[in-house]
Amino acid sequence: MLETVKLSKSFKGKKVVDEINIYLDAGESVGLLGPNGAGKSTTISMISSLIRPTSGDIKLDGKSTIKDPSEIRKVLGVVPQEIALYEELTAYENLKFFGQTYQVKKDILEGRIQEVLEMVGLKERQKELIKTFSGGMKRRINIAAALLHQPKILILDEPTVGIDPQSRNHILETVRELNKTSGTTVLYTSHYMEEVEQLCKRVYIMDRGKIIASGSKEELLSILSTEDTIQVQLSNRSESLIDTIKSFSNVFQLDETNVGLRIISKKNSNLLSKLVLASEKEGIQIVNYQVEIPSLEDVFLHLTGKTLRD
Ligand SMILES: Nc1ncnc2c1ncn2[C@@H]1O[C@H](COP(=O)(O)OP(=O)(O)OP(=O)(O)O)[C@@H](O)[C@H]1O
Ligand SMILES: [Mg+2]
């Protein structure tokens, strides 16, 4: 549906977005993760035709959008990183203004305004001035504004940074609902790994202008480790079983914990089945076992050498 081809942007000769290729299929929910200064907002500004790429292309259904962005503007809703609202106007007046800018037809605008206010849960406060709203509520009005023209593609640039948990949950729910129920295609930028894990089927990791990894959460996690870590709880302790496990060729490390054993082995070395056999021989049962799962945060750290929030 939407695709960037070797998309690049330089400011004063410095490349801040460097030949990135990303795509969004219709109905997908995709995450864009990256530390400060990675080039996420610049990428979004180019996609939304606010700034012109230095080189490369952005295609909507196979057609370049750079010379004539009118088509992409129709289908795209963008929630920018910076809140852009008129403080001295009410929530309703702001939405009315944005609706006119997006050229929503007059006779349907009123209905749309009420619809989007309902979506973001602020219908009952529409007559109040924006300057009396909390940061989270302003953000929700910003999202409402981006939804007025019923965009097929919604791009959100760190929509939950610095806001209260209630607004945050509300935003996540709204985005999930739009993706699931209305089939809206979503590109979601965030520093919060857990949000992306919850919302997105596919993730791009960006650092210093480049896409350094992409794939499903599982694919990204598999980049990380060449190891599996398993915790097992045994019916009773046995020195000879421990010795047997230590003798397995792919076991790197074995620690005794207060409930049992923690074993690190080479990835996909069938440790668990070998373990079951060996314990059976000793007449010991595996009461419980748990595979330790690394998080996307770990993958990120591994790839960029930075945590997401530094
Ligand atoms: N108009 C501009 N002129 C010069 N440099 C710019 C401009 N806009 C962005 N940059 C630089 O481009 C780089 C990428 O910035 P960008 O805002 O795209 O990063 P980001 O990934 O959105 O970061 P953050 O997570 O902090 O929002 C930064 O080094 C920034 O200083
Ligand atoms: Mg940004």
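Residues numbered from 1 in each chain as written. Chains lettered and ligands numbered in written order. Predicted model: local features only at pLDDT ≥ 70, side-chain atom pairs only at ≥ 80, totals over all residues. Heavy atoms only, no water.

Student: Go over the sheet that holds strand S14 (residues 260-266), please, and point to the residues and values.
Tutor: Strand pairing in a sheet takes place through backbone hydrogen bonds and is either antiparallel or parallel in direction. Read across the open sheet, the four strands follow the order S13-S14-S12-S15; overall the sheet is antiparallel. Edge positions in the sheet fall to strand S13 (251-256) and strand S15 (286-291), since each has one partner strand and no second. The sheet shows a mean angle of 20 degrees between the axes of neighbouring strands, taken without regard to direction. Here seven bridges tie strand S12 (residues 227-234) to S14, and the two strands are oriented antiparallel to one another. Across the sheet, Thr229 pairs through a bridge with Ile264, a residue of S14. Sheet strands in contact with helix H9 (residues 239-247) are S12, S13 and S14, and its direction is about 155 degrees off that of S13. Seen against the sheet, helix H10 (residues 271-281) touches S12, S13, S14 and S15 and runs at an angle of roughly 165 degrees to S15. (Pairing = 2+ DSSP bridges. Helix = DSSP H or I, 4+ residues; strand = E, 2+ residues; numbered from the N terminus. Axes fitted to C-alpha atoms, helices over the stretch in contact; angles between N-to-C directions. Contact = heavy atoms within 4.5 Å.)

Student: Can you break down the environment of Thr132 residue by residue, with the values?
Tutor: Inspection of the secondary structure assignment puts Thr132 in the loop between helix H4 (106-119) and helix H5 (135-147). Take Thr132: its relative accessible area is 46%, and that puts it in the partly exposed class. Sequence separation of Thr132 and Glu87 is 45 residues, and the distance between their C-alpha atoms is 8.3 Å. (Buried < 20%, exposed > 50% of the residue type's maximum accessible area, 1.4 Å probe, protein only.)

Student: Tell me about the coordination of the magnesium ion (ligand 2), residues and numbers included.
Tutor: Coordination sphere of the magnesium ion (ligand 2), protein contribution only: Ser41 (OG) and Gln81 (OE1), at 2.0 to 2.1 Å. A residue pair is termed long-range when its members are at least 10 positions apart, and Ser41 in helix H1 (residues 40-47) and Gln81 in the loop between strand S7 (76-79) and helix H3 (91-101) qualify at 40 residues. Overall, Ser41 belongs to the partly exposed group, its relative accessible area being 24%. (Donors = N, O, S within 2.8 Å, 3.2 Å for Na, K, Ca; no water.)

Student: Please provide a residue-by-residue account of the sheet that holds strand S4 (residues 29-33), values included.
Tutor: The six strands are arranged S7-S8-S9-S4-S10-S11 in an open sheet whose pairing can be described as mixed. Each of the sheet's edge strands pairs with one partner strand only, and the pair in question is S7 and strand S11 (210-216). Shown here is a sheet whose adjacent strand axes are inclined to one another by a mean of 15 degrees, direction ignored. Inspection of the sheet shows S4 paired to strand S9 (residues 185-190) by five bridges, in the parallel sense. Across the sheet, Leu32 pairs through a bridge with Thr189, a residue of S9. Lying over the sheet, helix H6 (residues 165-181) contacts S4, strand S8 (153-157) and S9, oriented at roughly 155 degrees with respect to S9. Across the face of the sheet, helix H11 (residues 296-304) comes into contact with S4, strand S10 (202-207) and S11 while running at roughly 30 degrees to S10.

Student: Tell me what's going on with H1, and back it up with residues and numbers.
Tutor: One turn of an α-helix holds 3.6 residues; hence residues three or four places apart share an orientation. Of all eight residues in H1, six are buried; the element is thus mostly enclosed. By the burial criterion, the buried members of H1 are Lys40, Thr42, Thr43, Ile44, Met46 and Ile47. Ser49 sits one or two residues past H1 and shows a positive phi near 55 degrees.

Student: Talk me through the pattern of salt bridges; I want residue IDs and the actual numbers.
Tutor: Applying the stated criterion across every chain yields a total of 15 salt bridges. A salt bridge links Lys138 to Glu87, with the nearest nitrogen and oxygen atoms 3.2 Å apart. With a gap of 51 residues between them, Lys138 in helix H5 and Glu87 in the loop between S7 and H3 connect regions that are remote in the sequence. The closest approach of N and O atoms between Glu195 and Arg168, which form a salt bridge, is 2.7 Å. A residue pair is termed long-range when its members are at least 10 positions apart, and Glu195 in helix H7 (residues 193-199) and Arg168 in helix H6 qualify at 27 residues. Of the residues examined, Arg168 reaches a relative accessible area of 22% and is grouped as partly exposed. One connected set of salt bridges, linked through shared partners, spans Lys15, Asp18 and Lys210. (Salt bridge = Lys/Arg side-chain N within 4 Å of Asp/Glu carboxyl O.)

Student: Break down the domain arrangement of the protein chain for me, citing the residues and quoting the values.
Tutor: Here the domain parsing of the protein chain yields domain 1 (2-221) and domain 2 (225-304). Distance from the C-alpha centre of domain 1 to the C-alpha centre of domain 2: 43 Å. The interface of domain 1 with domain 2 comprises twelve residues on the first partner and nine residues on the second. The three residues of domain 1 that bury the most area against domain 2 are Met193, Ile205 and Leu221, which together make up 52% of that side's buried surface. Across the contact surface, domain 1 and domain 2 share zero salt bridges. Connecting domain 1 to domain 2 are zero residue pairs in polar contact (both at pLDDT 80 or more). When contributions to the side of domain 1 that touches domain 2 are tallied by element, the ones reaching two or more residues are H7, S10, S11 and helix H8 (217-224). (Domains from an automatic or database assignment. Buried area = accessible area lost by both parts, 1.4 Å probe. Polar contact = N/O pair within 3.5 Å; in protein donor to acceptor, adjacent residues only side chain to side chain.)

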